[in-house]
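This is what each chain is made of:
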Amino acid sequence: MYKFKEGFYTDVRIEEAYETYISYTLGKLDDSRIRRYKAAFIRVFDGSLWYYASTSDTENIQNEIDKLYQAARPNPDILNHPIVSSFEVHQDKKLQFEENSVEKIPKIEKENLLKLFFPALNRQSDIKLLWKSIYIDARKKITLFSSKGTELVFDTQRAGYSLRLSFSADGKTFNDSFQFASNNFEDLPRDEEKLKEFIRKCEDFMMNAKPVTPGKYTVILSPLAAGVFAHESFGHKSESDFMVGDETMRKEWALGKKVGSEILSIVDSGLMPGSGFVPYDDEGTAAKETYLIKDGILTGRLHSASTAAALEEHVTGNARAVNFEYEPIVRMTTTYIKPGSKTFDELVSEVEDGFLIETIKHGSGLSIFTIAPSLAYRIRNGKIAEPVNISVISGSVFETLSEIDGLSDKLEILSFITGGCGKMEQFPLPVGFGGPYVRVRNMTVQ
């Protein structure tokens, strides 16, 4: 389709996007809009430097390519360059969401999905509830060509809603959210009773949660909390651009090193359904299941073509850009902890004195991590007891990985429609995360 000059590596990524955003506050419509665009990101590599251009004038992509050639220097040996050698070559068409595209759903149906929850949100109670409901969807069709012969057409899609809840009564306040996301509009839950149950749980928590005595405790992390821990505290350190040119980091994260409990395995995979699903990355590498930790041993890391060449490893399908304005950099897809063999009830029954973290406000950290819990409960004599206010749980990443002593037998992958992963200036990137319930000894609770 395009004329690629010899002596250069060139790729063109064309992005056709459809997006919906709808929001209500206390039942009043704030925003309801649809956005469409078609644009492209173009790269040329001459073996020494990368040259970039982005444009919404997709009829003149060849002109943009030719301008980049004028700035670069031809390299007759470009195909043997380690970075160029790392690029996979695929010819494929994988439009998995064409038939059930969110673009085919009338906007009124998306507004009505949010309105289904209004009766539960507008309930009569002495506890004041302020709320905001948001619906978002996005479908992207990516067309990718490269001078090595790649010709790809594939799509990604996500849809979901978030109900942000703020409770107050008797000088007490509590905030949490009720949200779901999927690859398809039809798969979104429409369960008003489940929302009512969640609201009751939040109200009970706000009115009855007790303070905790700071110390070291056994803590059971929900799939949400465990997934955030895996993403923030370990997944980011597995993004290999942190290691390029940093010998200290490479030694600390040497493959084959024991870094956690023998029952622990952490995986990143673009093949998992949900908001992290990407059949190919933005360099045309096929999605893969990459074990970052397997049975407690550091076994892999995440790569683009550039980092794979620098560390003499293989690409993993993790070169991603938030949109057409940016170059691909190393990013996660869906990062999760593999399940174990215990039931949830068995995990709880074996804890004499500890805590269950059910939902969280946020989590962060690399060498030292912190998670701020939202809904949390005391575990006493093997049973879930009263709700508790915990400001933060924290610890050393490596020490915590080694203190994991129990995993439940069911995997739960979480997808969210608001927010996303941020790195450098690229935010928000859709990702997924999750795991089983994870039991950890000796966590610092405050």
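Residues numbered from 1 in each chain as written. Predicted model: local features only at pLDDT ≥ 70, side-chain atom pairs only at ≥ 80, totals over all residues. Heavy atoms only, no water.

*Asks:* When you look at the layout of surface pockets in this model, what are you seeing that I'm missing?
*Replies:* Unfilled space is identified by rolling a water-sized probe across the atoms. Of the volumes computed, that of the second largest pocket is approximately 830 Å³. In this structure, the second largest pocket is lined by 41 residues; those nearest its centre are Glu19, Ala138, Lys140, Arg158 and Pro430. Counting residues per element, the ones that place at least two in the lining of the second largest pocket are strand 1 (9-25), strand 2 (28-45), strand 5 (128-146), strand 6 (151-169), strand 13 (319-320) and strand 25 (426-429). Top element by residues in the lining of the second largest pocket is strand 5. It accounts for 6 residues. (1 Å grid on protein atoms, 1.4 Å probe; cavity = no way out; pocket = protein on both sides within 12 Å on 5 of 7 lines; lining within 4 Å. Points joined across faces, edges and corners; volume = space filled by probe spheres on them. Helix = DSSP H or I, 4+ residues; strand = E, 2+ residues; numbered from the N terminus.)

*Asks:* What exactly am I supposed to notice about the pairing of strand 17 (residues 360-365) here?
*Replies:* Regular strands show a simple pattern: their side chains alternate between the two faces of the sheet. Direction of pairing for strand 17 relative to strand 18 (residues 368-373): antiparallel, over a ladder of 5 bridges. In the strand pairing of strand 18, Gly363 is matched with Ile371. Count of turn residues in the strand 17/strand 18 antiparallel hairpin: 2 residues. (Pairing = 2+ DSSP bridges.)

*Asks:* Honestly, helix 1 (residues 61-71) in this entry has me stumped. Any pointers?
*Replies:* The periodicity of an α-helix, 3.6 residues per turn, causes residues three or four positions apart to be oriented the same way. When helix 1 is considered as a whole, its buried residues turn out to be Ile61, Ile65, Leu68 and Tyr69. Buried residues in helix 1, looked at end-on, bunch into an arc of 105°, giving them a common side. In helix 1, those exposed residues whose orientation departs by more than 90 degrees from the buried face are Lys67 and Gln70. Those residues of helix 1 that are buried are in contact with strand 1, strand 2 and strand 3 (50-55). (Buried < 20%, exposed > 50% of the residue type's maximum accessible area, 1.4 Å probe, protein only. Arc of directions from axis to C-beta. Contact = heavy atoms within 4.5 Å.)

*Asks:* Is there a simple way to explain the sheet that holds strand 26 (residues 432-435) in this structure?
*Replies:* The pairing of strands in a sheet happens through backbone hydrogen bonds and is either parallel or antiparallel. Strand order in the open sheet made by the 6 strands is 12-11-10-15-26-23, with mixed pairing throughout. Each having just a single partner strand, strand 12 (297-298) and strand 23 (412-415) make up the two edges of the open sheet. Summarising the sheet, strand 15 (residues 334-337) and strand 26 pair through 3 bridges and their orientation is parallel. Bridge pairing links Tyr336 to Gly434 in strand 26. Taken strand by strand, helix 6 (residues 223-235) contacts strand 10 (266-269), strand 11 (289-294), strand 12, strand 15, strand 23 and strand 26, and its axis lies near 120° from that of strand 26. (Axes fitted to C-alpha atoms, helices over the stretch in contact; angles between N-to-C directions.)

*Asks:* Where do I start with the nonpolar core in this structure?
*Replies:* General note: in soluble globular proteins, nonpolar side chains tend to be found buried as a group. Residues Leu221, Ile357 and Ile390 are the most contacted members of the largest nonpolar core, which totals 44 residues. Among the elements of the structure, strand 9 (215-221), helix 6, strand 11, strand 16 (353-357), strand 18, helix 10 (397-402), strand 22 (404-407) and strand 27 (438-445) are those that each provide at least two residues to this core. It is helix 6 that contributes the most residues to this core, 7 residues altogether. Residues contacting Leu221, with those up to four places away along its chain left out, are Ala226, Ile357, Ile393, Pro436, Tyr437, Val438 and Val440. Grouped together as the second largest cluster of nonpolar side chains are 34 residues, Phe167, Phe185, Phe205 and Met206 included. (Core = buried A, V, L, I, M, F, W, Y, C linked by side-chain atoms within 4.5 Å.)

*Asks:* Mind showing me how you'd approach unusual backbone geometry here?
*Replies:* Note: most peptide bonds trans; most residues except glycine with negative phi. The omega torsion of the bond from Phe427 to Pro428 falls at -5°, within 30 degrees of zero and hence cis. Looking at the element boundaries, Pro428 is found in strand 25. A positive phi angle is found at Asp170, which is not glycine, with a value near 55°. Following the sequence through the fold, Asp170 ends up in the loop between strand 6 and strand 7 (172-182). Positive phi is not limited to glycine here, since Asn442 has a value of about 55°. Mapped onto the fold, Asn442 is located in strand 27. Take Asn442: its relative accessible area is 43%, and that puts it in the partly exposed class.

*Asks:* Sorry, what's going on with the pattern of salt bridges here?
*Replies:* For the structure on display, the rule yields 29 salt bridges. We note a salt bridge from Lys110 to Asp137, for which the minimum N-O separation is 2.8 Å. A residue pair is termed long-range when its members are at least 10 positions apart, and Lys110 in helix 3 (residues 107-115) and Asp137 in strand 5 qualify at 27 residues. Considered together, Lys110 and Asp137 belong to a single accessibility category, that of buried residues. (Salt bridge = Lys/Arg side-chain N within 4 Å of Asp/Glu carboxyl O.)

*Asks:* Please clarify how the domain arrangement of the chain should be interpreted in this entry.
*Replies:* Accessible area lost during the coming together of the parts is what is often quoted as the interface size. If you check the domain split of the chain, you get domain 1 (9-203) and domain 2 (211-445). At the interface, 44 residues of domain 1 touch 36 residues of domain 2. Summed over both sides, the interface between domain 1 and domain 2 buries roughly 3,300 Å², with carbon and sulfur atoms accounting for 59% of that surface. It is Arg13, Glu88 and Arg158 that lose the most area in domain 1 upon contact with domain 2, and together they represent 17% of the buried surface on that side. Inspection of the region where domain 1 meets domain 2 yields 4 salt bridges. Salt-bridge contacts for Lys288 lead to Glu88; the nearest nitrogen and oxygen are separated by 2.7 Å. One can count 14 residue pairs in polar contact (both at pLDDT 80 or more) joining domain 1 with domain 2. For the side of domain 1 that touches domain 2, the leading source of residues is strand 6, giving 10 residues. (Domains from an automatic or database assignment. Buried area = accessible area lost by both parts, 1.4 Å probe. Polar contact = N/O pair within 3.5 Å; in protein donor to acceptor, adjacent residues only side chain to side chain.)

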